[in-house]
Amino acid sequence: MLRTHTCGELRIEHVSQEVTLCGWVARIRDKGGMMWIDLRDRYGITQLILEEGITSPELLKKARALNRECVIQARGMVAERLSKNDKIATGDIEIKVNEITLLNAAKLPPFLIEDETDGGDDLRMKYRYLDLRRDIVRKNLELRHQMAIEIRNYLNSLNFIEVETPVLIKSTPEGARDFVVPSRMNPGQFYALPQSPQTFKQLLMVSGFDRYFQIVKCFRDEDLRADRQPEFTQIDCEMSFVTQDDILQTFEGLIRHLFKKIKNIELPPFQRMTYEDAMTYYGTDKPDIRFEMKFTNLTNIAKGKGFQIFDQAEVILGICAKGCANYTRKQLDELTEWVKRPQIGAKGMVYVRCEADGTFKSSVDKFYSQDDLKTWVEAMHAAPGDLLLILSGKDSDTRKQLSELRLEMGSRLGLRNKNHYSAHWVVDFPLLEWNEEEKRWFAMHHPFTSPKPEDIELLSTAPGKVRANAYDMVINGVEVGGGSIRIHNKELQALMFKTLGFSDEEARAQFSFIMDAFEYGAPPHGGLAFGFDRLCALFGGSDSIRDFIAFPKNNAGRDVMIDSPSFISEAQLKELNIKIDLQ
Ligand code: ASP
């Protein structure tokens, strides 16, 4: 090897040893008589020292010709430093250099390769390979690696086997939009890239594999929202001969294992909350339960007093912000503007301050007496010093808006500490959701999810009421994974396709392979998938999954480094039988 040690390895006990290091020149300080070079590699930084009078003039000259980011090999003796640096692991020593070999020159990088860089997002994406030299970016990928190893360890110890499923598959109409790949050998025909290995893992269960997992790339051609990537990674899992409870236990175990191994945090057993409760008390299917602030329904007690907005509302919901009665008029106006922003979309907000003297001050004093307000305060278990924030309108809109306001208040009150983790399951999701545009039912999870057996008879009479054996894992308000018990019976699967508006022919054309497989002994099975990028971001204490992907796409779905997507040549198009008409 070209080196004896790494740049993160040498300590006081190595003093007097002759060593050879390799790395990138991170910084040069030349004080005339003395010269220091910070040499960087993946493992850390080691200081090299050259001294006029001790170092040979040729070597000094050579060192002075170096610039940042060139790659060198340096040989020398480890020495104790006069002024130690306790900020880096090698801060007790330096290398008295007696030989330097320039392994490769480097142009000056377009931004500083330091934790605090002067490079903007776009520039760093274009030169991602340089960005990845930065400590904080590299550490994210090291965390990702460590997580992947621990996931494999845990699942392997439980007899799961990792099986690769194909990437060139078939487009299906459910779910998000597919990315497609033209087939040269089959003119006019296309493969699709998998949105998930869902059907393949179910087929593996029919094959008897019993416990499958895969850390796998998935592709969805969705309109990009902040922090979505067109390709992302799932920890995809499936098990046979299990109940929902077995799956929840197994994968709660996986997440607890990760917290223990990676962060040395012992998570308590996860709470389980029904979808209905999540929507009732938090207005979302992924509540952040690091803090309470549950919704109270005031519809029955606040209507009928002549306040038009409430009287006409489908629902009136409030939250109690503890200790916030001292909010000034200005702060309340600002909060009202906040809920009225288009992203939130509320029409207005009503507040009630619970004053220290036991009286109430509200924005609707004209319509409600102190006694009226007292009934609200009691319903919300508020105390003097608290502030009630109330929204009203259409049920689903109001829940969404209040859920956003709840999170905002949680943040403002410092109740959403990044280093405090609260994990739980949301269970009993509805099987179907109505799509007003297409005027038909869609599977809320996917068409292979099993209804709860006791709800099956509702499929023909009240499809919206059917609950599924489907579950999501939520950590700190982030949905990190989800899955379901699957249908494993051909008739029930056919009924499900029918409910989703497929004719028999359409269902056969799309899914005959799985319907056929169900005729050859499909075991009861179920599973789930975690969003691996998101899980890494959560463990890394970041909101951005991009920071945990080596070569991510930007918000427009482009890789600006390799400049993709891009046009292809006429010849390639012709070979693929594709004509492009780009007006
Ligand atoms: N394939 C599902 C998804 O991508 C997860 C599952 O049901 O296992 O969301």
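Up top is the structure these notes are about.
Residues numbered from 1 in each chain as written. Predicted model: local features only at pLDDT ≥ 70, side-chain atom pairs only at ≥ 80, totals over all residues. Heavy atoms only, no water.

Describing the overall build of the chain
Okay, so step 1: For the chain, the helix and strand inventory stands at 17 helices and 22 strands.
Okay, so step 2: Principal-axis analysis of the C-alpha atoms places the extent of the chain at approximately 95 × 75 × 55 Å.
Okay, so step 3: For the chain, the proportion of its 583 residues judged to be buried stands at 47%.
Okay, so step 4: Pairs at least 24 apart in sequence give 66% of the contacts found in the chain among residues at least 6 apart.
Okay, so step 5: Approximately 29900 Å² of the chain is accessible, and the part contributed by carbon and sulfur atoms is 51%.
Okay, so step 6: The average position of the 77 basic charges and that of the 86 acidic charges among the side chains of the chain differ by 3 Å. (Helix = DSSP H or I, 4+ residues; strand = E, 2+ residues; numbered from the N terminus. Buried < 20%, exposed > 50% of the residue type's maximum accessible area, 1.4 Å probe, protein only. Contact = heavy atoms within 4.5 Å. Areas by Shrake-Rupley, 256 points an atom, 1.4 Å probe, with all protein chains shown as cover. Lys, Arg positive; Asp, Glu negative; His and termini not counted. Charge placed at Lys NZ, Arg CZ, Asp CG, Glu CD.)

A short note on empty space enclosed by the protein
Okay, so step 1: For the structure on display, the rule yields two cavities of 30 Å³ or more.
Okay, so step 2: Taken as a whole, the largest cavity encloses approximately 40 Å³ of empty space.
Okay, so step 3: Lining the largest cavity, in full, are Met125, Arg128, Phe551, Pro552, Asp559, Val560 and Met561.
Okay, so step 4: Grouping the constituent residues of the lining of the largest cavity by class yields five nonpolar, no polar and two charged.
Okay, so step 5: Here the second largest cavity is characterised by a volume of approximately 30 Å³.
Okay, so step 6: Taken together, Thr20, Gln73, Ala74, Arg75, Glu99, Ile100 and Thr101 form the lining of the second largest cavity.
Okay, so step 7: Going through the elements one at a time, strand S4 (71–80) and strand S5 (93–104) are the ones with two or more residues in the lining of the second largest cavity. (1 Å grid on protein atoms, 1.4 Å probe; cavity = no way out; pocket = protein on both sides within 12 Å on 5 of 7 lines; lining within 4 Å. Points joined across faces, edges and corners; volume = space filled by probe spheres on them. Nonpolar A, V, L, I, M, F, W, Y, C, P; charged D, E, K, R; others polar.)

Focus on the site of the ligand
Okay, so step 1: Taken together, 13 residues surround the ligand, and among them Gln198, Lys201, His445, His446 and Arg486 come closest.
Okay, so step 2: A distance of 2.7 Å separates a nitrogen atom of the ligand from a polar atom in the side chain of Gln198.
Okay, so step 3: Here an oxygen atom of the ligand and a side-chain polar atom of His446 are 2.9 Å apart.
Okay, so step 4: For the ligand, whose free accessible area comes to 270 Å², the fraction covered by protein is 88%.
Okay, so step 5: Contributing elements (two or more residues each) for the shell around the ligand: helix H5 (198–206), strand S21 (478–485) and strand S22 (525–531).
Okay, so step 6: Considering each element in turn, the shell around the ligand owes the most residues, three residues, to S22.
Okay, so step 7: For the shell around the ligand, the class distribution of residues is two nonpolar, eight polar and three charged. (Near = heavy atom within 4 Å. Polar contact = N/O pair within 3.5 Å; in protein donor to acceptor, adjacent residues only side chain to side chain.)

Describing the packing of aromatic side chains
Okay, so step 1: Throughout the structure, instances matching the rule amount to 19 aromatic pairs.
Okay, so step 2: Of the aromatic side chains, those joined through ring pairs into one cluster are Phe307, Phe310, Phe367, Tyr368 and Trp376.
Okay, so step 3: A cation over a ring is seen here: Lys294 above Tyr281, with NZ or CZ 5.3 Å from the ring centre.
Okay, so step 4: The ring of Phe291 has Arg406 sitting right over it, with the charged end atom 4.0 Å from the ring centre. (Phe/Tyr/Trp six-rings, centres within 6.5 Å; stacked < 30°, edge-to-face > 60°. Lys NZ or Arg CZ within 6 Å of the ring centre and 35° of its normal.)

Looking at the sheet that holds strand S16 (residues 387–393)
Okay, so step 1: Strand order in this open sheet of five strands is S12-S13-S16-S14-S15, and the pairing throughout is antiparallel. Lying at the two open borders of the sheet, with one neighbouring strand each, are strand S12 (296–297) and strand S15 (360–362).
Okay, so step 2: Sitting on the sheet, helix H11 (residues 370–379) touches S12, strand S14 (350–354), S15 and S16, and the angle it makes with S15 is about 95 degrees. (Pairing = 2+ DSSP bridges. Axes fitted to C-alpha atoms, helices over the stretch in contact; angles between N-to-C directions.)

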